[in-house]
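# Analysis of the macromolecular model
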Amino acid sequence: MEITLTHYLLLAMVVFLTGMVGFVVRRNAIVMLMCVELMLSSVNIVFAAYSRFHGNADGHVFVLMNFAVAAAEAAIGLAILVEIYRRRRTVNVDDLKALME
Amino acid sequence: MEGILFWVCGILMVFGGLMMVVQRSAVVSAVWLIFAFVCAAGIFALLSAPFLAVMQILVYAGAIMVLFLFVIMMLQGPVLEGGRKRLALPMWPAVAVPPMAIAVMIIGYVKRHGTTGMGGPAPEGFGSPEHVAELLLGKYLLAFELISIVLLVAIIGALAVGKDERKLPWK
Amino acid sequence: MELLNVNIPNWSDMGNWIPEAVLCVGFLVALIGDMVTRGKKPVVPFVISVFALVTAGSYAVAGLNNPGLAAGLPIMGDLVVVDGLAAFFRILFIFAGLATVLFAWTSEEIMGRKRENKGEFYALILMMTAAMMVMAEARDILMLFLSMEAVGLVSYVMAGYMRTSLRSTEASLKYVLFGAVSSAIMLYGLSLLYGMTGAMDFAGIRAALVSGPVNGFALLVVVVMIIAGMSYKIAAVPFHYWCPDIYEGAPTPVSAIFSVGPKAAGFALMIRFFYTTLAAGPDAAASVGIIHIINWPLLIAVISAVTMTYGNLVALRQSNVKRMLAYSSIAHVGYLLMGFLLLTPAGLQAILFYLLVYTLMNLGAFFFVVAINNHLKSEELDDYVGLGFRTPWAASMMVVFLASLTGIPPFAGFIGKFYLFTAVLDKEWFWLAILAALNSVVGLYYYFKVVKAMFFTTPLEGADTSPLKLHWLQYTVLAVLAIPTLVLGLYWGQFKDLADQAIAAMTVGF
């Protein structure tokens, strides 16, 4: 059976939705950040697949930039998490209620 | 051959993602995520993007996930276990609707815009480091500069947020 | 081995990018200055950042006279362009950044004795300004995404700036998590758009959409996902939930720039992106009506109506002035989206003019809250009782800002709203205009609750009624914001022309 663009798109969709459901269901902020990484990675598959389909490598450049952005986002998110942990001894978003009224 | 590899990598990647969501321990979740990323590297290789496949392993599965694991280890404690929400019944629609909406949208998109082919064989050297470098340092040079600034901001920001003033050597 | 055949774009057109370059250099120099003084003399990064902003601002103003502006000046290839729209927003952002830097200097929340990272604050504002400028200049989806992320990353850090305050750090965690998800959704939309068209630059995307058969549903999916990501930046319903919490949790000067800068940058990006890729275009030949495949006006009209109604109704119930201003800024996004409805030049010009006015009045209102917070350590409406007599000048300027936010003549807010309403009424969207008018009446009620507290409520027995003395810098900045708010309500022609030219320049590309 020939593997077509549709297969890659559907694979990316399933992975994206896994990440999204995980983000909503999990309450541990570190795991929530990891779910976002999974979502970004599924978008990378879409870019790479279309890049191959169109035969231009612009999508590859986008994927590379996406790596860097994901790293930057993870670094800042984790730094904020560590800071919260220092004060609250928790990274569970349900316990962070200072802003909820 | 491509078909077998696609199914192996694809199913394992989805499996890894699912396990990451299901596992209660953050460390185990992180390891499953690394597993999923390695499978994604396989998908990149199938899409004739060898450079991306290598970078996926080096940067994503390597650097970024090491950062995650490092933080998890640093905050090691009972709080990191557990952490799945027990949803009250009225909350379920709120959780289920956005992903389902996206699923419907994407399936509709793929139905209308998917294809049965891959657009012919990839040209010689497609997706090789040389090919990507030409674009990165040519057409996309400005974006390359911008991303370096984004990373610098991330470093400064992480420092500003995370540093413990009392322990800095010059204080 | 043969060397790679890389065509490095030429650097000669970097001359048009001096403001951005100055801000980036200023960012580094301010950081180094902070490090050399070991973070103990925040005056060094403060002076450097003021100097950088003033220099960049004067170059940006000088750039307005560049004859090439009308056609657009590409910078090193096609990724970004300096045209009328970019030139307009550059000045707006530098102005907002400068006002924030000056006001932050007098803010206890930023400069109080126990606060940390004072130097980084000024450096990061410079970076934020530069990144917002790039957002207004991007004409490639890669640049669009990167500049949005740059603004986002700086915002995450600044929201968590008050590290000793739990509210502040929690606000920034919330901001990071939801910001990352919304940008992932937008990225998904962008990737599908790239797939549909095979191009990354806006012109190429438009060309592909015009020439090829476009599937309406597929395009709708892409547009909905991209709007989701951008709505997060401008805080439109249903992606507004972060906004009140973050404005309340972040230090007030930071909330002030959040409520103006990233929102205006988001609108600049939306205008350029949707107008250059999807709008029907002024000349009939190119107007294949890409936009007509999806019911675009209805989509935006519904978002706009829900956003303004929600913002106003929730603002009614707030007893905290800062939170009330946060909801009011959501309502203003609803008004602004009215101009976006039809993607006509008249509507977009109205958006630009309103953004200019909104920057003045909203910054002013937030800065008043900063000044009062320095003395009272509170933002509750109950504590504002009698302020009209304790600090008459500042309170009167606050009345100007609030009246302008309401949209009462003769203040600038009225003129801005007038143009937005005209843009909608021209195309006979009566229900939206009526709804917006009703919303303005609701706005009148809660804005004047503040005025009433300040001037017409008798303080309780034993309440502190001693006069408050504000810093001279605070009076100056407030006056610089209040006087144009008054003057623009009477003589707006020249600034309206500026906004008109900014949009007119963009239509050349078709």
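Predicted model, so just to flag it, every value in this text is computed and none were measured. (Residues numbered from 1 in each chain as written. Chains lettered and ligands numbered in written order. Predicted model: local features only at pLDDT ≥ 70, side-chain atom pairs only at ≥ 80, totals over all residues.)

## Re the overall build of chain A
This is how the line gets drawn: A run of H or I in DSSP counts as a helix once it spans at least four residues, and a run of E counts as a strand once it spans at least two, with each numbered from the N terminus. We compute the radius of gyration from the C-alpha atoms alone; for a globule the expected value is 2.2 Å times N to the 0.38, where N is the number of residues. With C-beta atoms placed from the backbone, a residue counts as buried when 20 or more other C-beta atoms lie within 10 Å of its own, as exposed when 12 or fewer do, and as partly exposed for counts between those limits. By definition, residues are in contact whenever their C-beta atoms, placed on the basis of the backbone, come within 7 Å of each other.
The number of helices and strands found in chain A is three helices and zero strands. A compact globule built from 101 residues should have a C-alpha radius of gyration of about 13 Å, whereas chain A, at 17 Å, is more than 25% larger. With respect to the three principal axes, the spread of C-alpha positions in chain A is 55 × 25 × 20 Å. Looking at chain A residue by residue over its 101 residues, the buried ones come to 68%. For chain A, the share of sequence-separated contacts (at least 6 apart) that also reach a separation of at least 24 residues comes to 46%.

## Let's talk about the overall build of chain C
Broken down by element type, chain C carries 21 helices and two strands. Here chain C has a C-alpha radius of gyration of 22 Å; the compact-globule value for 510 residues is 24 Å, and the two agree. Expressed as lengths along the three principal axes of its C-alpha atoms, the size of chain C is roughly 75 × 60 × 40 Å. Here chain C, with 510 residues, has 62% of them falling under the buried criterion.

## Some points on the interface of chain B and chain A
Facing 69 residues of chain B, the contacting portion of chain A comprises 65 residues. Take the side of chain B that touches chain A: its biggest share by element is eleven residues, from helix H3 (residues 50–74) of chain B.

## What about the interface of chain C and chain B?
Interfaces are often sized by the amount of accessible area the parts lose when they come together. Stated formally: Under the scheme applied here, ten amino acids are nonpolar (Ala, Val, Leu, Ile, Met, Phe, Trp, Tyr, Cys and Pro), four are charged (Asp, Glu, Lys and Arg), and all others, including Gly, are polar.
Counting residues at the interface gives 36 residues for chain C, matched by 28 residues for chain B. Where the side of chain C that touches chain B is concerned, the elements lending two or more residues are helix H1 (18–36), helix H5 (118–137), helix H6 (141–159), helix H7 (166–197) and helix H9 (216–234) of chain C. The dominant element in the side of chain C that touches chain B, judged by the number of residues it contributes, is H6 of chain C, at nine residues. Of the residues contributing to the side of chain C that touches chain B, the split by class is 25 nonpolar, seven polar and four charged.

## Re the domain arrangement of chain C
Residues and elements named next belong to chain C. Basically, it comes down to this: Domain start and stop positions are those given by an automatic or database domain assignment.
Per the domain assignment, the segments making up chain C are domain 1 (12–137), domain 2 (157–294) and domain 3 (316–510). With 21 residues of domain 1 in contact, the opposing surface of domain 2 contributes 21 residues. Counting residues per element, the side of domain 1 that touches domain 2 draws most heavily on helix H3 (residues 84–105), which supplies eight residues. Here the residues of the side of domain 1 that touches domain 2 are counted per class, giving 14 nonpolar, three polar and four charged.

## Observations regarding helix H20 (residues 472–487) of chain C
Residues and elements named next belong to chain C. Selection criterion: Every helix has an expected span of 1.5 Å times one less than the residues it contains.
Helix length check: H20, at 16 residues, gives a terminal C-alpha distance of 22 Å against a target of 22 Å (1.5 Å per residue), a fit within 8%. Inspection of H20 places Gln474, Val477, Leu478, Leu481, Ala482 and Thr485 among the buried residues, and these make up the whole buried set. The inward-facing, buried residues of H20 contact H3, helix H15 (345–376), helix H17 (392–406) and helix H18 (412–426).

## Quick word on the nonpolar core
Test applied: The term nonpolar core refers to a set of buried Ala, Val, Leu, Ile, Met, Phe, Trp, Tyr and Cys residues connected through C-beta atoms within 7 Å.
Ranked by size, the top nonpolar core spans 312 residues in total, and within it Ile30 and Ile76 of chain A together with Leu85, Met135, Leu142 and Val154 of chain C carry the most contacts. Sort the elements by how many residues they give to this core and H15 of chain C lands first, with 21 residues. With residues up to four places along the chain from it excluded, the contact list for valine 154 of chain C reads Val153 and Gly157 of chain B together with Leu124, Met127, Met128 and Ala131 of chain C.

## Things to note about the packing of H7 of chain C against helix H10 (residues 242–249) of chain C
Residues and elements named next belong to chain C. Rule in force here: Throughout, an axis means a line fitted to C-alpha atoms (over the contacting stretch in the case of helices), and angles, computed between N-to-C directions, take values from 0 to 180 degrees. Whether a crossing is left-handed or right-handed is set by the direction in which the near helix is turned from the far one by less than a right angle, anticlockwise for left-handed and clockwise for right-handed.
Between H7 and H10, whose axes approach to 8 Å, the crossing angle comes to 145°. In the crossing of H7 with H10, the sense of the turn from one axis to the other is left-handed. Contact residues: H7 offers Arg167, Ser168, Glu170, Ala171, Lys174, Tyr175 and Phe178, while H10 offers Trp242, Asp245, Ile246, Glu248 and Gly249. Considering only residue class, the contact of H7 with H10 consists of five nonpolar, two polar and five charged.

## Considering the confidence of the model for chain C
Residues and elements named next belong to chain C. What counts here: Every residue carries a pLDDT, the predictor's confidence in it, which falls somewhere between 0 and 100.
Overall, the prediction assigns chain C a mean pLDDT of 83, with 93% of residues at 70 or greater. Considering each helix and strand of chain C separately, the mean pLDDT is smallest for helix H12 (residues 290–293), with a value of 60, and largest for H6, with 91. Long-range and interchain partners of residues 283–288, a stretch whose pLDDT sits below 50, account for seven contacts in this model, where long-range means more than four residues apart. Scored by ipTM, the complex comes to 0.93, with pTM at 0.90.

## Topic: the environment of valine 71 of chain B
For valine 71 of chain B, the location among the structural elements is in helix H3. Residue class for valine 71 of chain B comes out buried when judged on the 24 C-beta atoms lying within 10 Å of it. Sequence spacing of valine 71 of chain B and valine 27 of chain B is 44 residues, and the spatial spacing of their C-alpha atoms is 10.0 Å. Among all residues touching valine 71 of chain B, those that are not within four sequence positions of it are Ile30, Leu78, Leu81 and Val82 of chain A.

## Examining H7 of chain C
Residues and elements named next belong to chain C. For H7, with 32 residues, the first-to-last C-alpha span of 46 Å sits near the 46 Å given by 1.5 Å per residue. Counting buried residues in H7 gives 28 out of 32 residues, a clear majority hidden from the surface. Phi turns positive, to about 70°, at glycine 198, one or two residues after H7.

## Focus on unusual backbone geometry
Excluding glycine, residues mostly carry a negative phi; peptide bonds, for their part, are mostly trans. Put simply, valine 237 of chain C and proline 238 of chain C share a cis peptide bond, and its omega is 5°. Counting through the fold element by element, proline 238 of chain C comes out in the loop between H9 and H10. Omega for the peptide link from proline 409 of chain C to proline 410 of chain C comes to 10°, which places this bond in the cis form. Among the secondary structure elements, proline 410 of chain C is positioned in the loop between H17 and H18. With a phi close to 45°, serine 48 of chain B is a non-glycine residue in the positive phi region. Tracing the backbone shows serine 48 of chain B in the loop between helix H2 (26–46) and H3.

## A short note on the packing of H6 of chain C against helix H11 (residues 252–277) of chain C
All names here are of chain C. Here is the rule: Angles are sorted into four bins: roughly parallel if under 35 degrees, roughly antiparallel if over 145, roughly perpendicular if 65 to 115, and oblique for all others.
Contact geometry of H6 with H11 gives a least axis separation of 12 Å together with a crossing angle of 170°. With respect to each other, H6 and H11 are oriented roughly antiparallel. Facing H6, whose interface residues are Leu144, Val151, Ser155, Met158 and Ala159, H11 presents Val254, Phe258, Pro262, Ala265, Leu269 and Phe273. Its residues assigned to classes, the contact of H6 with H11 comprises ten nonpolar, one polar and no charged.

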